[in-house]
Amino acid sequence: MLQVLTTTPETWSTIVRTASSIIEEVNFEFHPDMASMRSMDPSHIALVNLEWVAPSFEKYICDSENILSIRLADLDKIIKRADANDKVELSLGEERTLVIKLFDGYKREFSIHLLDSQYTSVPLPKVTYSAKVIMPLKSLRNVLDDISAVSEQVNIKLDKSGASFAGSSESGKASASIAAGSGDIKDMSVKDAVSATYSVEYLNKFLKSLNPAKEISLEFGNKMPIKLEVQLDEKGSKLQYYLAPRVD
Amino acid sequence: MVMGVEGNAWRGGMKINEILEMLKEPLWQRRWSPGTLTGTTPPATFVGESGYPKVSVGSALPQHERQLSIYEDPRSWLDMTIDEIVALRTYAVLPVKKAEVAPISDRDIELFQQMTMGDSPVDTELKVGKIVRRSPVFNGYYAPVGTSIEALKVLYMANPKVPRPIEKVAGDRDMKASDGALVLYNSDISIYKIQNLLSIGLIGRKRRLVPTRWGITATDSMIGDALLDLIRDFPRIDRYLVSHGYFLGNRFVVILTPDNWQFEMLESWLPFFGRQNTDTTIAADHEGYFGRSAYASNIEGAYYAARLAILEYLRRIRKQAGGIVLMEVDRNWTTSLGVWRVREGIRRALQQFTTYDELDSAKNAALCLMSTKKDNWIRSSLFLTKRQLDITQFLS
């Protein structure tokens, strides 16, 4: 038995758009206590990880493990049909289908075919991070927009004084800095000063689909993957994105 | 120059003394008068871009019988000198007719289409008018084109011998252009023939004339994308490979890296301008694993030609790799002859490799082959400066 209900389509929309920016098909895992999804992009540069706990749902009934392989474009088309106040209910239908109901007075029902893809578990990166900063998503987007005016990669440095971002290319250089204690840094912890470089394009694949009003945490280390994380709600559900670095 | 070369030596299917004959009497100096023009086309189709959407369409008529086999085959031109290529290409008259790119309804354009479908020379007779352009056209996009003359009417055309795959693709108006181009490519139809067929409006659902200049890049891009879909499933190469070649004043160096597909091309004209020791940046374009959606506006058509040559090689060895192409033009490149020299130059360069274990050693070996300063290449490149790591290296 699987029946999960959310009060709005927002979280589904965020998850589907974010995952579809790096991959076409995913495995949604429904466990008795939470839903999860973990996928690596085909170029093996980025990985997205979802932990969506049962209390985040209006209704969450899952009495056994269910792994649903879904073509994200199929799901996206249906989620896009939802109005902002629509409730979204997912359940299993007959003949390997996923039934999606959208309702807020006006009821609609869709079903999409599940895929027969083989399930393989993807582990998370095993990295010990020595620095973390939490900042408004809007501020991070602005910084990356500035850097991407001249560069396709961004070097991020974090030390006790704050965060700095820099990029360069044949056309010039760009830099931006945010001081610790300013409104653009909500929290930070730095054991050791760290510096690493990442693809702006791949960072934006994750960031562009998120609600800019949210806060985002960045954890990374020298020549280590960066972990970006947004809280989906106050109940502990979160969406994470790991991106491998570019190195000399 | 061909002086000093034995007259009976061969150059890409022609004897040197035959080419010397063509050089003696340039076609653009010949007197042309309205009337009947007979000749044989290899076939060689041309669609101009000037005046778009009303363009000039024609099929070139080389004036020397032995030109026919190599007139439209750039694969053999790398072994010729620039003067010989100019002689080969400009010793042909191009009867052209003005036509709207769509719909294609003019009977003569339809006859040009039929000529283009043929895989061997086609005899033809035309009623021609005044000279449209006496001097040949040289540019960086397509091979030189000779004197063009107004085509008033196609009076006669021998039946062309049409290969089955061409007949099939040209006859299928439900087949997408990219699918049609791929069917032809996989049937061993040369990329140059496919370019001609696309330009004359014989491939795809929405049939229209496509100026040769655009058709060349469209074909490289479409076939390249199809090959990329295949090679993404292949395992990566396990070492760094460096190859190089020098043709007609163009030096090509290719570095293949043990990465997933990504591609970058850098093009330096600094030796051509005598500025190879300056700190000037050079043109560059690149793409990641998913390819690119925007046109490579810095390198233009050469980017897609080089990319195709790399992807062809990867398909042949059934491997995936990152590719970096460095191209340098020096003063021996005396005339603009078209983008084919990039495609063919890299195809030829990829016949031999040196292998390296580290990017640094491959990069140093590659940059030492060029006369443009190393710093210029490195400053202008995304892939020579930093390497994208895999997330799999960090998985628990």
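What counts and what doesn't
Residues numbered from 1 in each chain as written. Chains lettered and ligands numbered in written order. Predicted model: local features only at pLDDT ≥ 70, side-chain atom pairs only at ≥ 80, totals over all residues. Heavy atoms only, no water. Helix = DSSP H or I, 4+ residues; strand = E, 2+ residues; numbered from the N terminus. Contact = heavy atoms within 4.5 Å. Phe/Tyr/Trp six-rings, centres within 6.5 Å; stacked < 30°, edge-to-face > 60°. Buried < 20%, exposed > 50% of the residue type's maximum accessible area, 1.4 Å probe, protein only. Lys NZ or Arg CZ within 6 Å of the ring centre and 35° of its normal. 1 Å grid on protein atoms, 1.4 Å probe; cavity = no way out; pocket = protein on both sides within 12 Å on 5 of 7 lines; lining within 4 Å. Points joined across faces, edges and corners; volume = space filled by probe spheres on them. Nonpolar A, V, L, I, M, F, W, Y, C, P; charged D, E, K, R; others polar. Domains from an automatic or database assignment. Buried area = accessible area lost by both parts, 1.4 Å probe. Salt bridge = Lys/Arg side-chain N within 4 Å of Asp/Glu carboxyl O. Pairing = 2+ DSSP bridges. Axes fitted to C-alpha atoms, helices over the stretch in contact; angles between N-to-C directions.

1. As for the environment of B:Leu382
Tracing the backbone shows B:Leu382 in the loop between helix H11 (374-380) and strand E16 (387-388). In sequence terms B:Leu382 and B:Glu264 are 118 residues apart; their C-alpha atoms lie 7.8 Å from each other. Sequence-distant contacts of B:Leu382, defined by excluding residues within four places in its chain, comprise A:Glu152, A:Gln153, A:Arg246, B:Glu264 and B:His286.

2. Examining the packing of aromatic side chains
For the structure on display, the rule yields 18 aromatic pairs over all chains. Geometrically, the ring pair formed by B:Trp269 and B:Phe272 is edge-to-face, given 5.3 Å between the ring centres and 75° between the ring planes. Owing to a relative accessible area of 27%, B:Trp269 belongs among the partly exposed residues under this scheme. Note on B:Phe272: relative accessible area 26%, which makes it partly exposed. Put simply, the rings of A:Trp12, A:Phe28, A:Trp52, A:Phe57 and A:Tyr60 pair up and form one aromatic cluster. We note B:Arg232 situated over the ring of B:Tyr289; from NZ or CZ to the ring centre the distance is 5.2 Å.

3. Quick word on the layout of surface pockets
All names here are of chain A. Looking at the second largest pocket, its volume works out to about 840 Å³. What lines the second largest pocket is a set of 32 residues, and nearest its centre among them are Ile23, Glu25, Met40, Asp41 and Pro42. Elements that contribute at least two residues to the lining of the second largest pocket include exactly strand E2 (25-30) and strand E3 (34-40). By residue number, the principal contributor to the lining of the second largest pocket is E3, which donates 5 residues. Within the lining of the second largest pocket, the residues separate by chemical class into 10 nonpolar, 13 polar and 9 charged.

4. Some thoughts on the domain arrangement of chain A
All names here are of chain A. Entries for chain A in the domain assignment read domain 1 (2-113) and domain 2 (131-243). Between the C-alpha centres of domain 1 and domain 2 the distance comes to 27 Å. Counting residues at the interface gives 21 residues for domain 1 and 18 residues for domain 2. Summed over both partners, the interface of domain 1 with domain 2 buries about 1,700 Å², with 55% contributed by carbon and sulfur atoms. Across the contact surface, domain 1 and domain 2 share 1 salt bridge.

5. Quick notes on the sheet that holds strand E6 (residues 66-71) of chain A
All names here are of chain A. Taken in spatial order, the 9 strands line up as E6-E2-E3-E4-E18-E17-E16-E10-E14 in an open sheet, and their pairing is antiparallel. Both outer strands of the open sheet, E6 and strand E14 (187-190), are each paired with one neighbouring strand and no more. With strand direction ignored, the average angle separating the axes of adjacent strands in the sheet is 15°. In this sheet, E6 lies alongside E2 in antiparallel orientation, the contact comprising 6 bridges. Residue pairing in the sheet places Phe28 in a bridge with Leu68 of E6. Sitting on the sheet, helix H1 (residues 10-20) touches E2, E3, strand E4 (46-53) and strand E18 (238-243), and the angle it makes with E4 is about 165°.

6. A closer look at the interface of chain A and chain B
In this assembly, 33 residues from chain A lie in contact with 21 residues from chain B. Here chain A meets chain B over a buried area of about 2,300 Å², counting both sides, of which 59% is carbon and sulfur. The three residues of chain A that bury the most area against chain B are A:Glu170, A:Arg246 and A:Val247, which together make up 27% of that side's buried surface. The tally of links between chain A and chain B comes to 1 salt bridge. As a salt-bridge pair, B:Lys386 and A:Asp248 come within 2.6 Å of each other at their nearest N and O atoms. Among the secondary structure elements, those contributing two or more residues to the side of chain A that touches chain B are E4, strand E15 (194-199), helix H4 (200-207), E18 and strand E19 (246-247) of chain A.

7. Considerations on empty space enclosed by the protein
Residues and elements named next belong to chain B. Overall, the coordinates contain 3 cavities of 30 Å³ or more when judged by the stated rule. In this structure, the largest cavity spans a volume of roughly 230 Å³. Sorting the residues of the lining of the largest cavity by element identifies strand E4 (45-47), helix H6 (191-199), helix H7 (212-231) and helix H9 (340-349) as the ones contributing at least two each. Ranked by residues supplied to the lining of the largest cavity, first place goes to H6 with 4 residues. Residues belonging to the lining of the largest cavity are distributed by class as follows: 11 nonpolar, 5 polar and 3 charged. Estimated volume of the second largest cavity: approximately 60 Å³.

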